[in-house]
Structure formats: structure tokens, C-alpha cells
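Summary of the model geometry
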Amino acid sequence: MTCRQFYIMIAVFVISLKIQKLPCFVSNALEKDGYLLILLYFLIEFALICLAMFIAKRTKDQSYEFSDSVVLRVLKNLLLIAVAFYFLMQGVLFYEAIQDLFSHILFENLPWTLFSILLIALVFYLANSGLKNISLSFELYAFIIFGSLLLITIFGAVRTDFSTVLPFQTINFGKIVSSATDFSFWFGDFFIVLLLAREAKEIKLKWTLLVYTISMLLLCLMYVEFYSIYVSYSSMQPSMISTLSEQSMLGVDIGRIDWFLILLSEIGTILCSGVCLYFAKKSLHNVIPKIGEGYILAALMLILYLLDILLLVDFRIKMIVYIDCLKYVALGIKVVVIIVGTILAVCSKKSNQTKSEKTSQNNSAQRFLKEEKSVNQIERKSKMPKLNSSRKKKVKA
């Protein structure tokens, strides 16, 4: 993966997950102050991304053996299963966003139970093709995705009344901080940065932070535009991206161009769903390496399909599952990953130092042996002529 593909994937992943249902949930809890929640998470993630880049740099191309301890092996497998579950449920979030788009917004009479199979096949193909092919797809569609999002944002800014976020004196920071944990599953971008940074080449921390900053600021602007359209009724909207595209294009008399912009921007959502399923597959394959990755991915796709069709049909159920239940799971997994990653990074640094010390000691020992050999050879050569002269004298006598 090139550095350009890495930056594109980070930007698309950060924006695509948060422009769907999340603004509706946030506006229901915080109303006009919802953009401050995004800024709060931005500050937290900014520091965690710096730590993630440090961990990725230290643990890149490193392998860790846990075969000596049964306890460590069990803990490692439990952590990998938790990571697989985390990315599976994030893949469900992306997948649900596509379902809302097609079955509730664009095509109300669409038989989603049958049409979903086609989308499942597409996500399966993406996740099974490997990270290299997925990153190439991100690079190929980057211009279309970002172009659509920028057009929606620009047209929305023209029709936005920014006074809806006023007055600042009524901001309740305590409520913002207390409700931040409710939406933890939509954040945690350092996690994907950590995993992608271990696969990318020649990436820079400053450019990663710049890409992340621009993405989050764009998200804040889109939230303000979204809230200013419906204000108190914004929580009842199907999604932020559909509302913005529909309302921002009302004054443009060129047909339903908003549909095309939504469809083009949702390409990133489909690609991100493939990334989530890819990492879920890789995590489970490390736990059970005897089972092929294709079979593991097929089982994950079946679970995704059943969750979408049977369990997460009702909007209220989605809120209960992700806001009331999975928020603690997401926080726990992220904290454990940070702790374990930091420990591995520090240990890998120490191991690298010990390896360098051992190699330097070996080199010095080899040099000492070479010097001894050279000295012995010189001494032998200096003794050789004396022996030859003594032999000649004996022969003459």
C-alpha cells in the first residue's frame, strides 16, 4: 500500500462512517451542540493517532511468539476474537447505511431481502481480494467520492443559516462529555490508522494528522448544515447525507442530481465495509489458522446478512444495540488494544536494542579473533626464515 492510498483510505473511512445515522443520534441528544461532540472526539483521536503511529512504527514487520505460555496464547486469541467482533459490527454499520439508502430513500418498494444478496456478494469479493486491491479501489474512486461530498457540502453551505448554533452561552459542556461514550462505536479512528499504518510504506505522521483534521472539520461543517435545515426535527431524518443532498439541490433545476451524488458518495461506504470484513477475517484466521480465509469470510458474510435481515430491521433496535450495549464493548476493546500495542511497541524497541548490542558484541568478537589470527600468522612467517637457515647450516655440515 502506498502512502497516497493510505491517506485516501483514512479520509474516506473517517467521513463515510459518520455521515449516515450518527448525526441523527447526536442531534437527538445534543441538538445544536452536536458539532462540539465531534470536536471533542477529534481532540482525543488526534492524540491517539500519534500513539497509533508510534505503535505501528515499532511493531511493523515484527512477529511475536506466545507458544511458551498457555495463558498468553488464550489472551491473544480472546483479543483477536474481540477485534474481529468489533470490525464485524462496524461492517454492519456501513452495510446498514447502504440499506437505508436503497430501501428507505431511493427505492421504497425495493425487495431488500433479495437485493441484499448482491451487495453481500460485492462486499465478499472486496474483502476476499486483499488489502492491496481494496486500496487500489479507494484510489480509483477517490475523486468521485470526494467530489460528491464537496459538492453536497458547498451547495448546503449556501443554504445554511449558521446562526442556528448560537448562542454559545447556552452550551452545556457537562452534557456533551457525559453523552460522549454513547457514540463511541462510531469513533476510534486510531484503530484503523494503526492497522493500515502497519501495511503502508513511507507514511508521515504530519500528513496523517493533516488528513484527519481536514476530514473531521468537514464533518463538523456538514453537521451544522444538517442541523440548520430541520433544527429540532433533524433527529427524525433518515440520514445526514441524504437530507443534505436533497435540500441543497432544491434550487438547482437540473433533475434529481442529489440521487447521483448520494450514490457516488456511497461508493466509499461499500469499500469501507469491505475493509472491516477483511480485518475481521484476518483476526479470526490468526485464531484458527487451519480454516481457510475464504470459509471464515463466508461465515462472517452469513452473520452480516442475518443481522441485517432478522435483527437490525427496526430503527429503535439499532439505537439500543449500538448506543446502549455496544458502546461499552467498543470502549473496552479500544482500551485493551492501546495498552497491548504500547507494551508490544516498548518491548520491540528493547528487543531491537538488545539485538543490536548482541550483533555489535559478535562483530567485536569476530574482529578480535581475526586480529589474533593475523598476529599468529605474522609470528609464524617471522620464524620461518630462521628455521630455514638453521636447516641449511645442518645440511652444509
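Residues numbered from 1 in each chain as written. Predicted model: local features only at pLDDT ≥ 70, side-chain atom pairs only at ≥ 80, totals over all residues. Heavy atoms only, no water.

**Some words on the overall build of the protein chain**
The number of helices and strands found in the protein chain is 13 helices and zero strands. Order of helices (α) and strands (β) in the protein chain, N terminus to C terminus: α-α-α-α-α-α-α-α-α-α-α-α-α. For the protein chain, with 397 residues in total, the buried portion stands at 46%. (Helix = DSSP H or I, 4+ residues; strand = E, 2+ residues; numbered from the N terminus. Buried < 20%, exposed > 50% of the residue type's maximum accessible area, 1.4 Å probe, protein only.)

**Side note on the packing of helix α3 (residues 34-59) against helix α9 (residues 205-230)**
The interhelical angle for the contact between α3 and α9, taken along N-to-C directions, is 165°, at an axis separation of 10 Å. One element, α3, and the other, α9, form an angle in the roughly antiparallel class. For the pair α3 and α9, the crossing hand works out as right-handed. Here Gly 34, Tyr 35, Ile 38, Leu 39, Tyr 41, Phe 42, Glu 45, Phe 46, Ile 49, Cys 50 and Met 53 of α3 lie close against α9, whose contacting residues are Leu 205, Thr 208, Leu 209, Tyr 212, Thr 213, Met 216, Leu 217, Leu 219, Cys 220, Tyr 223 and Val 224. (Axes fitted to C-alpha atoms, helices over the stretch in contact; angles between N-to-C directions. Parallel < 35°, antiparallel > 145°, perpendicular 65-115°, else oblique. Left-handed = near helix turned anticlockwise from the far one by under 90°. Contact = heavy atoms within 4.5 Å.)

**Brief notes about a nonpolar patch on the surface**
Together, Val 70, Val 71, Leu 72, Val 74, Leu 75, Leu 78 and Ile 81 line one region of the surface with nonpolar side chains, adding up to about 630 Å² of accessible area. Secondary-structure assignment places Val 74 in helix α4 (residues 70-106). (Patch = residues over 30% accessible without salt bridge, like charges linked within 9 Å, V, L, I, M, F, W, Y side chains within 5 Å. Areas by Shrake-Rupley, 256 points an atom, 1.4 Å probe, with all protein chains shown as cover. Salt bridge = Lys/Arg side-chain N within 4 Å of Asp/Glu carboxyl O.)

**Side note on the nonpolar core**
Grouped together as the largest cluster of nonpolar side chains are 111 residues, with contacts concentrated most on Phe 6, Phe 87, Phe 138, Trp 186, Ile 192, Leu 196 and Leu 277. Ranked by residues supplied to this core, first place goes to α4 with 13 residues. Leaving out residues up to four positions away in the same chain, Phe 87 has contacts with Phe 191, Ile 192, Leu 195, Cys 276, Phe 279 and Ala 280. (Core = buried A, V, L, I, M, F, W, Y, C linked by side-chain atoms within 4.5 Å.)

**Remarks on the packing of aromatic side chains**
Inspection of every chain in the model, using the stated rule, returns 15 aromatic pairs. Relative to Phe 279, the ring of Phe 87 lies with its centre 5.6 Å away and its plane at 40°, an arrangement referred to as tilted. Of the two residues, Phe 87 is situated in helix α4 and Phe 279 in helix α11 (residues 257-287); the sequence distance between them amounts to 192 residues. The burial state of Phe 87 is the same as that of Phe 279; both residues are buried. Three or more aromatic residues joined by ring pairs make a cluster, and in this case those are Tyr 86, Phe 87, Phe 185, Phe 190, Phe 191, Tyr 278 and Phe 279. (Phe/Tyr/Trp six-rings, centres within 6.5 Å; stacked < 30°, edge-to-face > 60°.)

**Observations regarding the pattern of salt bridges**
A pair can form between side chains of opposite charge whenever their charged atoms are brought close. By the definition in use, this model includes five salt bridges. We note a salt bridge from Lys 18 to Asp 189, for which the minimum N-O separation is 3.0 Å. Note that Lys 18 is positioned in the loop between α1 (3-16) and α2 (22-30) and Asp 189 in helix α8 (residues 189-197), a separation of 171 residues in sequence. For the pair Lys 18 and Asp 189, one class covers both residues: buried. Note that Asp 33 and Lys 32 form a salt bridge whose closest N and O atoms lie 3.0 Å from each other. The exposure classification of Asp 33 matches that of Lys 32, with both residues buried.

**Focus on α2**
Burial of α2 is extensive: seven of the nine residues sit out of reach of the surface. Buried residues of α2: Leu 22, Pro 23, Cys 24, Phe 25, Val 26, Ser 27 and Leu 30, and no others. Of the residues trailing α2, Glu 31 is marked for its positive phi of about 55°.

**Remarks on the packing of α1 against α8**
Viewed as axis vectors pointing N to C, α1 and α8 meet at an angle of 160°, and their least axial separation amounts to 11 Å. Classified by the interaxial angle, the pair formed by α1 and α8 is roughly antiparallel. For the pair α1 and α8, the crossing hand works out as right-handed. In this structure, α1 contributes Phe 6, Met 9, Ile 10, Phe 13 and Val 14 to the contact, and α8 contributes Asp 189, Ile 192, Val 193, Leu 196 and Ala 197. Broken down by class, the residue content of the contact of α1 with α8 amounts to nine nonpolar, no polar and one charged. (Nonpolar A, V, L, I, M, F, W, Y, C, P; charged D, E, K, R; others polar.)

**A word on the confidence of the model for the protein chain**
With 74% of its residues at a pLDDT of 70 or more, the protein chain has an overall mean of 77. Low pLDDT, under 50, characterises residues 350-359; the predicted model gives this stretch one contact beyond four residues in sequence or across chains. Note on residues 391-397: pLDDT under 50 across the span, and zero contacts to partners over four residues away in sequence or across chains. (pLDDT = per-residue confidence, 0-100.)

**A short note on α8**
Burial within α8 is extensive, with eight of its nine residues counted as buried. Burial in α8 covers these residues: Asp 189, Phe 190, Phe 191, Ile 192, Val 193, Leu 194, Leu 196 and Ala 197.

**Observations concerning the environment of Tyr 35**
Here Tyr 35 is to be found in helix α3. Residues Tyr 35 and Ile 176 lie 141 residues apart in sequence; the distance between their C-alpha atoms is 9.9 Å. Beyond its immediate stretch of four places on either side in the chain, Tyr 35 contacts Val 165, Phe 168, Cys 220, Tyr 223 and Val 224.

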